[in-house]
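What follows is each chain in one-letter form.
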Amino acid sequence: MKLGPFVLKRILLSIFVLFGLSIVIFLIARVVPGDPARMALGPRAPEEVVERLRKEMYLDKPLPEQYIQWLKSALTGDFGTSLTTKRPVADDIKEYLPATMELAIYAGIFMVIFAITLGTLAARYRDTWVDNLIRLVSYFGVSIPAFVVAILFMLLFGYFWPVLPVIGRISPGVTPPPTITGLLTLDSLITGNFTAFWDAFKHLILPAVALALGGTFQEARITRSNMVENMNKDFLLAERGYGIPERKIMFKYLLKPSLIPTVSVMGLDFSSTLGNAFLVELIFNWPGLSRYGIMTMLRKDLNSISGVILIYGLVFVVVNIIVDIIVAYLDPRIRLGGVKGT
Amino acid sequence: MENQVIAPNNAFVRSHRLRETIGKYWYKFSRNKLSVLGLVIVLLVIFMAIFAPWVTPYPQHAGPFVDYDNAGKPPSSKYIFGTDIFGRDIFSRIVFAFRGALVMAIVVLLLSVPPGLLLGLLAGFYRDTWIDTVIMRITDIFLSVPPLILALAIASVLKPNLMNSMIAVTLMWWPWYTRLVYGMASSIRNEYFVIAAELTGASRFHIIFREILPNCLSPVFTKMALDVGWVILIGASLSFVGLGEQPPTPALGQMVSDGARYMPDLWWMTVFPALAIVVIILGFNLLGDGIRDMLETRTG
Amino acid sequence: MTENGLLQIKNLHVWYKVYGGYLKVLDGVYFDVNKGERVGLVGETGCGKTTTMKAILRILPEKDSKIPEGEIHFKGQDILKMNSSELQKVRSQGIAMIFQDPTAALNPVFTIGDQLSEAIKVAFSSGRAHKETVKQAAIRALKEARLPDQERLLGNYPIQLSGGMRQRVCISMAVSTPRDLLIADEPGTSLDVTIQDQILRLLNELVEKKSTSIILITHSLGVAREMTDRIYVMYAGTMVEVAKSKELFRNPLHPYTLGLLSSIPKLSGGGIARGIPGRIPDYLNPPTGCRFHPRCPQALPECSVQKPGFYDVGDGHKVACFLYKG
């Protein structure tokens, strides 16, 4: 298993990508027509104060030097102060990131479980009503944007049928667990606080499902088509010909090669989840990094914007590496290459 | 060899062959009834967008207009989708919003696909050289941020209007095509017919554009058809937070977000624009699937 | 079923479902294999050889194919009527098929050991007596296929092996537990001629050693002549001729067989080899009567109306042609 050098290569590549990203972010932030110092202090601040801030922000130095300064502080976790919250951006990130991650993780779990189930069912019963129903629902599922689902959920569960909570992460009456990971459900489980766990979990259901729906159906379709394609491949026929029971063939020998292309898509979908989280968090009033991101973006809070994008870039890159590792683990053709001439 | 038939190549034969080809393509496309439905939806949307002033009952509502007497009215025979808090007919505004959405999709694709294509071709052709590395690393960088976030970021640092939101989306859209084409181009690059062309002295321009490119086009067209829906979606997401078309010009996302405040009482303000978004995306998705069936041969 | 009979296919029809109707590929196939026999099956690409074999093991695509008529008797029982446990017994202990393309026949994401053990496990659990563990059996099977370094091979993936090794792995799977009948579908065709030769020799050895019967499918008449006791000639879904191998080459009777044999270029004299004009029929709308009649230089009027039977001309030599009726 030549997994080691493969992973190393991916990590190095990712570091490079992150550097590149930081440059892009930096450029975007500086492309703002206008004077960041002036914007930070407002139109009525006296000129000397603005001048002093300019010096502090290194705005009078050449661009590359500004970048180095910015990068240096970023690497130590200092993204500057947020215009909006007036606190260090790093603190904002620490507070809001876990909320978004928890949401994304649950959405991801939902996607994986349901995509594989639906896809396998559709493949197993293909061309029957089961398959056709799943296909029809998938067309809709893929076409409904996450924020529309979110609004529909709001309407449905907020007013007509209040069985699930629609606001925030935890009900006002419930004591939240101490912050260990920042993931409410995890922290409650760790500290044995089951009321909090159940409450937090209920709050997660609607936003996570809203986020996951589109990706789930897309992955289900891909899984189905991969399975159908592999079903009549020779190796499947050979395995059947040796008498291997049908059930084992379905769940082991057909599933694994069919899942491999799906896993890469799942990685991409996970990152779109982070993107779509923007709107869903707004609608459900979820105190996550994406909602923070939108607020600060609308206020042109450059420090926050840079910090948020960089963090998301980092998360995405890490997720990609993990996905690549999983795919390489599942598919020996990728990590081993072939014998010459075959 | 006795039994050779020499086929004539006059205008009559050529037009017949063209009709045959179109017929074959249509057959493949129309086998799936849903694709035809998608085509119908798309054509309808385009038609309504172009002829909006004549198709809608209250075209003036898409501009600065207020009528507080009729504000907040539920769907009726007078206002089929109801009115918003300014008394404007939701239906008319939705149709006018189609315009912005379609314009955005067309512009974004027109601006982002050619460069994306070109870069992918170059990277694939010059595979494993520094050109490949540079292009693909830059692509990776742009793709390393969740798409919506990047679009929002770019749009937010610019002044909010349609033009700038188009720029923002274009800037984050091209890498997807680069990656798509890169995969295809780099494997085609090593096919025998390409190597043969090289050996017989074909110029690089010829190889890239007359040998490799035509073989990459089908998935590109399919993706473009599907992408119209996605661009409209991102556009709606941007206008949801106030970037993109500014009021009073209607935009679908903006209408959804305006209406969200008045839920559930004035539910029609949100639901109908949201449904419109869903229908458009559905239409382009179905159309895109049909185009894929038409252009690409699938196994079994 | 005769004393020595192992496999008997009677009047087998197989149809594939396609847009526009059915591809009527097999049109009444008759095929017998006796114990310890090496039977060759020769025919052009697309004539239905592989389809027939897949039908025997019942691995035709379930939804897209159908068997409207026919019987396949194996050791006295009709395979087509078996229930799943009987079928499993046949697949794991009775018959094994070695596919044409070894790269496609091995699951790319599982190790050799995994796939091999699975096949052995099935045989053991469905009743095959055994004295060794699964792993021992696996290593022995690899040894028999003349593969070196068996332990390491078990942990390898197909991608790591050369084409020849993959073919041997497929063979080892087929002989991992004792079988009554092996089906080898154009073994070694996708490989080097020298390697193909090795593979064929290996198969021959194994067959002799274990007195297993074998159906050897090939489109090479030369291979058929050397490695079989009896040969069937197949065309467009029907068996057109069968005879002892030497007899077939000495005295070919069916017009198609004659055409085939004359298409072999000879190094000594004879000029350029002649082909057979025309092409294999469209299975969607096959010709009426004898499927070869449109291309047959000796066609009689009744050939387009009725399908000929399989007429016996003595010593097991049968021909499906009205020329030899009665």
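Details of the structure are given in the entry above.
Small disclaimer: the values here were computed from a predicted structure and weren't measured.

K.L.:
Go over the arrangement of the chains, please, and point to the residues and values.
P.N.:
Of all two pairs of chains sharing an interface, the pair with the highest contact count is chains A and B. With no contact formed, the shortest span from any C-alpha in chain B to any C-alpha in chain C equals 10 Å.

K.L.:
Can you lay out the interface of chain C and chain A for me, pointing to particular residues and giving the numbers?
P.N.:
A common way to report how large an interface is uses the accessible area buried once the components associate. Taken residue by residue, the interface counts 28 residues in chain C and 25 residues in chain A. Contributing elements (two or more residues each) for the side of chain C that touches chain A: helix H2 (84–94), strand S6 (95–98), helix H3 (102–105), helix H4 (112–125) and helix H7 (163–175) of chain C. Residue composition of the side of chain C that touches chain A, grouped by class: 17 nonpolar, seven polar and four charged.

K.L.:
Any details on the packing of helix H6 (residues 129–143) of chain A against helix H11 (residues 268–295) of chain B? Residues and values, ideally.
P.N.:
Put simply, H6(A) and H11(B) touch, their axes get as near as 8 Å, and they point 120° apart. Judged by the angle between their axes, H6(A) and H11(B) are oblique. Like other packed secondary-structure pairs, H6(A) and H11(B) cross with a definite hand, here right-handed. Between H6(A), through A:Tyr139, A:Phe140, A:Val142 and A:Ser143, and H11(B), the contact on the second element is made entirely by B:Val278, B:Ile281, B:Leu282, B:Asn285 and B:Leu286. In terms of residue class, the contact of H6(A) with H11(B) is built from seven nonpolar, two polar and no charged.

K.L.:
Which residues make up the interface of chain A and chain B, and what are the values?
P.N.:
Listed as interface residues are 39 residues of chain A and, on the opposing side, 36 residues of chain B. Partitioning the side of chain A that touches chain B into residue classes produces 29 nonpolar, eight polar and two charged.

K.L.:
Can you explain helix H5 (residues 130–143) of chain B? Please cite residues and give values.
P.N.:
In this model H5(B) runs 20 Å from its N-terminal to its C-terminal C-alpha over 14 residues, within 8% of the 20 Å that 1.5 Å per residue would give. Within the sequence span of H5(B), burial applies to B:Ile135, B:Met136, B:Thr139, B:Asp140, B:Ile141, B:Phe142 and B:Leu143.

K.L.:
A description of the packing of helix H8 (residues 192–199) of chain B against helix H9 (residues 204–240) of chain B should follow, citing residues and the corresponding values.
P.N.:
Residue and element names in this part refer to chain B. The contact between H8 and H9 brings their axes to 10 Å, and the two run at 155°. Classed by the angle they form, the pair H8 and H9 counts as roughly antiparallel. Between H8 and H9 the crossing geometry is right-handed. On H9, the residues touching Phe193, Val194, Ala197 and Glu198 of H8 are Ile207, Glu211 and Ile212. Counted by class, the contact of H8 with H9 contains five nonpolar, no polar and two charged residues.

K.L.:
An account of the sheet that holds strand S9 (residues 230–235) of chain C is requested, with residue identities and associated values reported.
P.N.:
Within a sheet, each strand pairs with its neighbour through backbone hydrogen bonds, oriented either parallel or antiparallel. Residue and element names in this part refer to chain C. Read from one edge to the other, the open sheet built from eight strands follows the order S6-S7-S8-S3-S9-S10-S12-S11, with strand pairing classed as mixed. Sheet topology places S6 and strand S11 (311–312) at the edges, where each strand pairs with a single neighbour. Pairing analysis gives four bridges linking S6 to strand S7 (residues 181–185), with the strands arranged parallel. When the sheet's bridge partners are listed, Met97 is paired in S7 with Ile183.

K.L.:
Break down the nonpolar core for me, with residues and values.
P.N.:
A:Ala150 and B:Ala151 are the most contacted members of the largest nonpolar core, which totals 268 residues. The leading source of residues in this core is helix H4 (residues 90–125) of chain B, at 20 residues. For B:Ala151, the residues in contact, after removing those within four places along its chain, are B:Ala168, B:Val169, B:Met172, B:Ile234 and B:Leu238.

The rules behind each value
Residues numbered from 1 in each chain as written. Chains lettered and ligands numbered in written order. Predicted model: local features only at pLDDT ≥ 70, side-chain atom pairs only at ≥ 80, totals over all residues. Contact = placed C-beta atoms within 7 Å. Helix = DSSP H or I, 4+ residues; strand = E, 2+ residues; numbered from the N terminus. Nonpolar A, V, L, I, M, F, W, Y, C, P; charged D, E, K, R; others polar. Axes fitted to C-alpha atoms, helices over the stretch in contact; angles between N-to-C directions. Parallel < 35°, antiparallel > 145°, perpendicular 65-115°, else oblique. Left-handed = near helix turned anticlockwise from the far one by under 90°. Expected span 1.5 Å × (residues − 1). Buried ≥ 20, exposed ≤ 12 C-beta atoms within 10 Å, placed from the backbone. Pairing = 2+ DSSP bridges. Core = buried A, V, L, I, M, F, W, Y, C linked by C-beta atoms within 7 Å.

All quantities given are derived from atomic positions and should not be read as evidence of function.
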